[in-house]
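So you can see what is in the structure, the chains are spelled out below.
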Amino acid sequence: MRTTSLTTKLLSLAALGVMAGPLQAQEGRQVYEQKCAVCHAAGLAGAPRPGNAADWGPRLRAGKASLYRNAIQGTMRGMPPKGGNPDLPEAAVRAAVDFMTATVAAASKPAARPEVARKPAAQTAPAASTAPVRQAVPPAAAPVAAPAIAAPEAAAVAAPAPVQVASASLALARPEPGSGAAAANAFNRLLRPPGKRNLPPAEDGIHDPAVDGTLQLQPPLAAFGAMPRSNAGNRVDWVKALAEGKIAPRWERDKADAAAVVMDLNIVREVKGSMPDVVYPHKQHTEWLDCSNCHPAIFVPQKGANQMSMAAILLGQGCGACHGRVAFPVSECRLCHSKKKDGVAAGSAAPQAEAHR
Amino acid sequence: MMCSPARPWRAAMLGAALALAALAAGTRAVRAEYGDVVMNAYSTEAGMRPVVFPHWFHRVRFRCKVCHGDLGIKFQAGGNQINMLKIIDGQFCGACHDGGVAWSVESCNLCHSGKPGLPTQVHESTIQKLTAPGQKQAGSAARK
């Protein structure tokens, strides 16, 4: 398919950009500092911190071979294959794993973070910032649900609810969409007369009204009634609906109470011209998605490392893999372009960072 | 509408896109729910109606991660080669539609409820509006 080959091209372009500099040294520490520290130094989303016995102990019991394999192939819980660097030789990945685990036995205090782990994080982050600037959210404060990964036993005792409670206080600074379908919206040209939205299956033009199944399906409005409305897409605000507890979609297929692994990290992408800058919020995304849904297939996990443009998004690349298909559509410019040029966040960036202290 | 003066071609593209979208929205007879996926890689060939997958219904009940992470369903309409054999084997839809988490495959017509012959596509998507105001997108093109 055309869009797929475009994706490949865009991705390889992005990859070229990142991989352009040949690996200076294969030595574990250097690989760690360049490729792994961004997540592992601060324990982002539960990434085990180097030299931290509590983080590594249970994992080491599974054997080095298993660690190597997971580092190379990635895990469902957030470790991207090779840390998101497909071109990294396997030996280099193994060396980095060796480096991260080498000091574990020597570390006297399990919870202490060795100095070596913190420095590289501070060094790598600015190095990557060519154009976009990250909001002042220290990575250490990011992983809301990190303990759930680092210590499964502890998480099992504590009820895994608080994640959503936290988000409830983060009402997003954006105009209220109005109480119902009649909300007027000046810039959205895709507005449809209210009577032609959220039609029941038998009238939506794609279901066959002659089939008995069609008539048994739930009409959208029967579900959307109690949910906060929006001006586009399904015309419900999915982010708000989740934050306010109007819906309780499962995080695990067969467990009703498993909590999402939420990470609060905003990435600001500066936009040339008069359009406000884009604030990409990890928080709202990780309420719905797993790190591996985006990293590394759609985005290399490094701020500024990915080529983005509206043209690509309209064609279904990058943010357009979801926005304009299932997540809110591209017509909602302000939801993405939420940061005014003068540095004042028009979106939700600042209150979010505070809410998690 | 605010657009970057530094990149006029992009602004033009965007304008064209929005105009197209408005046009498409105004003229199409289909008023599907945003994100509804018609799946017709094999159905019509096999004498069945196409399948309609409602994203909205599933989002009320499950986060995206369950299907797109745990079950490995790719973000690509028609890109997953889902067929009845795999479903009965417990893959894709069959991970839940097994009479356990959700109703089982015996209720054929709840899924196979699309109008005959509809092509595979995500309804109300940007791509649909850009490329198929008359819904001419080829279903087979979506197959990999």
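Everything below is about the structure shown above.
Please read all numbers here as calculations on a predicted model, not as lab measurements.

Concerning the interface of chain B and chain A
Quoted interface sizes are often the accessible area lost when the parts come together.
(1) Moving on: Taken together, the 63 residues of chain B in the interface contact 67 residues of chain A.
(2) Moving on: Between chain B and chain A, the buried area comes to about 5900 Å², and carbon and sulfur atoms account for 61% of it.
(3) Moving on: Contact with chain A buries surface across chain B, with Tyr34(B), Arg59(B) and Arg63(B) losing the most and accounting together for 16% of the total.
(4) Moving on: Counting across the interface, chain B meets chain A through 3 salt bridges.
(5) Moving on: Close ionic contact of Asp208(A) with Arg49(B) constitutes a salt bridge, the shortest N to O distance being 2.8 Å.
(6) Moving on: One can count 23 residue pairs in polar contact (both at pLDDT 80 or more) joining chain B with chain A.
(7) Moving on: Contributions of two or more residues to the side of chain B that touches chain A are made by helix H1 (8-27), helix H2 (55-61), helix H3 (64-70), helix H5 (108-111) and helix H6 (126-131) of chain B.
(8) Moving on: A per-class count over the side of chain B that touches chain A returns 33 nonpolar, 14 polar and 16 charged.

Points about the nonpolar core
Soluble, globular proteins show a tendency: their nonpolar side chains are buried together.
All names here are of chain A.
(1) Moving on: If you look at the biggest cluster of nonpolar residues, it comprises 18 residues, and the most contacted ones within it are Tyr32, Val93, Val97 and Met100.
(2) Moving on: Among the secondary structure elements, those contributing two or more residues to this core are helix H2 (28-40), helix H4 (64-73) and helix H5 (90-102).
(3) Moving on: In terms of residue count, the dominant contributor to this core is H5 (6 residues).
(4) Moving on: Sequence-distant contacts of valine 93, defined by excluding residues within four places in its chain, comprise Ala71, Ile72, Lys82 and Leu88.
(5) Moving on: With 12 residues, the next largest nonpolar core counts Ala223, Phe224, Trp238 and Ile247 among its residues.

A few points about the packing of aromatic side chains
(1) Moving on: Scanning the model with the defined rule gives 5 aromatic pairs over all chains in all.
(2) Moving on: Between Tyr32(A) and Phe99(A) the ring centres are 5.2 Å apart and the planes differ by 40°, which places this aromatic pair in the tilted class. With a gap of 67 residues between them, Tyr32(A) in helix H2 and Phe99(A) in helix H5 connect regions that are remote in the sequence.
(3) Moving on: By relative accessible area, Phe99(A) is classed as buried at 18%.
(4) Moving on: Consider the rings of Trp238(A) and Trp288(A), whose centres lie 6.1 Å apart with planes at 85°: the pair is edge-to-face. Here the residue Trp238(A) occupies a position in helix H12 (residues 238-243), and Trp288(A) occupies one in helix H13 (residues 282-288), the gap between them amounting to 50 residues. Here Trp238(A) matches Trp288(A) in class, with each residue buried.
(5) Moving on: Grouping aromatic residues by their ring pairs yields a cluster made of Phe224(A), Trp238(A), Trp288(A), Trp56(B) and Phe57(B).
(6) Moving on: Across the ring face of Trp288(A), the terminal group of Arg59(B) is positioned such that the distance to the ring centre comes to 4.3 Å.
(7) Moving on: Above the ring of Phe57(B), the side-chain terminus of Arg61(B) is found at 3.7 Å from the ring centroid.

Criteria and cut-off values
Residues numbered from 1 in each chain as written. Chains lettered and ligands numbered in written order. Predicted model: local features only at pLDDT ≥ 70, side-chain atom pairs only at ≥ 80, totals over all residues. Heavy atoms only, no water. Contact = heavy atoms within 4.5 Å. Buried area = accessible area lost by both parts, 1.4 Å probe. Salt bridge = Lys/Arg side-chain N within 4 Å of Asp/Glu carboxyl O. Polar contact = N/O pair within 3.5 Å; in protein donor to acceptor, adjacent residues only side chain to side chain. Helix = DSSP H or I, 4+ residues; strand = E, 2+ residues; numbered from the N terminus. Nonpolar A, V, L, I, M, F, W, Y, C, P; charged D, E, K, R; others polar. Core = buried A, V, L, I, M, F, W, Y, C linked by side-chain atoms within 4.5 Å. Buried < 20%, exposed > 50% of the residue type's maximum accessible area, 1.4 Å probe, protein only. Phe/Tyr/Trp six-rings, centres within 6.5 Å; stacked < 30°, edge-to-face > 60°. Lys NZ or Arg CZ within 6 Å of the ring centre and 35° of its normal.

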